[in-house]
Each structure stands twice: as structure tokens, then as C-alpha cells.
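# Tertiary structure, described
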Amino acid sequence: MSAQRIEGKQISDAIRAEIAIETAKLAEQGIIPGLAVVLVGNDPASSVYVGSKAKACEQLGFYSEVHRLEEQSSQEDLLSLIDQLNKQSNIHGILVQLPLPKHIEEKAVIDAISVHKDVDGFHPVSVGNLVIGDDSLLPCTPAGVIEMIKRTGIEIAGKHAVVIGRSNIVGKPVAMLLLREHATVTICHSKTANMEEIAKTADILVVAIGKPKAIGASFVKPGAVVIDVGINRLPSGKLAGDVDYDDVLDTAGYITPVPGGVGPMTITMLMLNTLKAAKQVNRIGE
Ligand code: GUN
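Here the structure is a predicted model, which is why all the values come from computation and not from measurement. (Residues numbered from 1 in each chain as written. Predicted model: local features only at pLDDT ≥ 70, side-chain atom pairs only at ≥ 80, totals over all residues. Heavy atoms only, no water.)

### Details of the UniProt feature "domain: Tetrahydrofolate dehydrogenase/cyclohydrolase NAD(P)-binding" (unreviewed entry) in the protein chain
Within this structure's numbering, the places UniProt gives as "domain: Tetrahydrofolate dehydrogenase/cyclohydrolase NAD(P)-binding" (unreviewed entry) are residues 139-280. The distance separating the terminal C-alpha atoms of residues 139-280 is 17 Å; by composition the span is 35% helix and 17% strand. (UniProt positions renumbered as here; feature names shortened; annotations may be inferred. Helix = DSSP H or I, 4+ residues; strand = E, 2+ residues; numbered from the N terminus.)

Put into C-alpha cells, the structure is as follows:
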């Protein structure tokens, strides 16, 4: 039997409709969520992402600012912009698009963003709060993964979740969120000795390694939930996930497509974080 597709686009549209309703309610109180997106340099993929974020703000009735800095801009210039955005009361969320040019230290930039405006959830204090289970702004892609699983009606508690990949942006935080949802969590990475064997014991398999079609049916337990976080451009120009979708389709119970799976959830969770930050600063819902 063929796996059921988890339609990220549909789930994302449903969440955006909820955000639009909440935003309209806030507007009645004179509060407009505001997001600042900062792009340094002119990487074409990053430029597309930044444009999509600004468009999402417009569609939902948020205020947005896009700051495009030249590739040669200094770290000092970027830090001074962040300082200004930290102080701006019409901005509730700040996102600096990664990767940054080599001469700028990523850590210094992430650390400079106010924790209250850290809608990426990358600040060490946000990461710490996530680990100890305190309220915080959650990293967007991992939060999107959990939301997709839950909204599909899949129980996480008690399941064995295997995460392939240990990046700070996806692998580590998604493992922490799955643990918070009471899964038993195993993290695999490039040095894991028997990855196929471990992956095959997963009820929920999350793959975030950035290698096209690297995970086939031999890694998947029959009936497992397979979440593919990868988006890779093939030489043909087509997009492919980290999972070999066609190969896995008859083994998995549920699978996310690429494109149209995890991808659409990420920007939606960014909007949700910006809304949450705007509510927190105005002490709404406390
Ligand atoms: N580049 C790729 N993914 C992300 C992300 O989630 N946030 C930021 N800021 N940059 C990225």
C-alpha cells in the first residue's frame, strides 16, 4: 500500500488562516506584528527566501522591513543595524538570513539579536529554554515538523523517533522538540556506524542531511512516518528531498513530499513566532 502524503501546503494554509484571524483581532487594539528581515550580499536562493518572507507578512497584515546590505558590509555595520532594530518598537521579530559572508562571524550576529525578537530561535538563551522546556520562540523548521505530525493526527508520545542530521538549525532542535513530546529519540549523523539498522527501528524518521535522495526504503520500517526536511536542487533543475520519495513510498505509512512538505511550514512558523513576539511585548494572553 502507498504511504499517505502529509500535505504541508494545506496544513500551512490552515495555520495562516488562524494567524490572519488573530492578527485582525490585534489590529483592533492597534497592534501590528512587525518583522525585520536582513540579507547581506546577493545569494540568489537567500534573496528568494527573503522575498517570500516579506510577501507572507504582506498577506497576513504584518508590518515588514527588508534590509539588504552589500556583500562587503562590515560586521560592525550589521551589528549596528541589529542594535537599531532591537530598539525599534514597531519591530517584534528580527531575522538575519543565513549563511552570512565569510568575514562576518555568525555567532556574534545571532548573540546580538534581542531574545524577545529572536523569531529564528537561534539565540543561545532561546536554545537553552527549548532544552529545559521553558517557553521560548522555537526554531521555525523544527516547530513546523512537529506541527505537521500533530495536525495529521499522529501520536508522538512513546514512539521511537530517529533524527538523521545534527545541525543547530534542524537536527538538534527537532530532536529536543520530539523529546518534549515524549518520544524516545535517537540522533544519527555522518559518523554513526549502523545508521540503516537504527533508522529501520524508527516509528518517526526525520531526515535533515542535505543530500539528495540519500535515504531509501532500506532505512524505513514498514508503516513509519517519514519527514523529509531536505530541499536539494538536482542538475536537471528539479527539486529533490533527502529521501528517495519513490523508493520509500510503498514502505512508509506517511511521507512528506518535496516540494510541498516541510518547506511551506517554515515561513508559516516564522509568522507565528512574530505574532507571538508581538503579543508578548504587549502582554496579551498572559
Ligand atoms: N537559512 C536557511 N534556513 C534559515 C533559517 O531558518 N533562518 C535563517 N535566518 N536563515 C536560514
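And the narrative resumes.
### Points about the state of the cysteines
In total, this model carries 0 disulfides according to the counting rule given. Of all cysteine sulfurs, the one in Cys140 lies closest to Cys57, which takes part in no disulfide; the gap is 12 Å. On the basis of relative accessible area, Cys57 is assigned to the buried category, the value being 0%. (Disulfide = S-S within 2.5 Å. Buried < 20%, exposed > 50% of the residue type's maximum accessible area, 1.4 Å probe, protein only.)

### What about the sheet that holds strand S3 (residues 63-69)?
Taken in spatial order, the 3 strands line up as S3-S2-S4 in an open sheet, and their pairing is parallel. Pairing within the sheet leaves two strands with one partner each, and these edge strands are S3 and strand S4 (93-96). Here the average twist between neighbouring strands, direction ignored, is 15°. Direction of pairing for strand S2 (residues 34-40) relative to S4: parallel, over a ladder of 4 bridges. When the sheet's bridge partners are listed, Val38 is paired in S4 with Val96. (Pairing = 2+ DSSP bridges. Axes fitted to C-alpha atoms, helices over the stretch in contact; angles between N-to-C directions.)

### A short note on the packing of helix H1 (residues 8-28) against helix H2 (residues 44-60)
Between H1 and H2, the shortest axis-to-axis distance is 9 Å and the interhelical angle comes to 55°. As summarised for this structure, H1 and H2 are arranged oblique, according to the angle between their axes. In this structure, H1 uses Arg16, Ile19, Ala20 and Thr23 to contact H2, whose residues at the interface are Ala56, Gln59 and Leu60. (Parallel < 35°, antiparallel > 145°, perpendicular 65-115°, else oblique. Contact = heavy atoms within 4.5 Å.)

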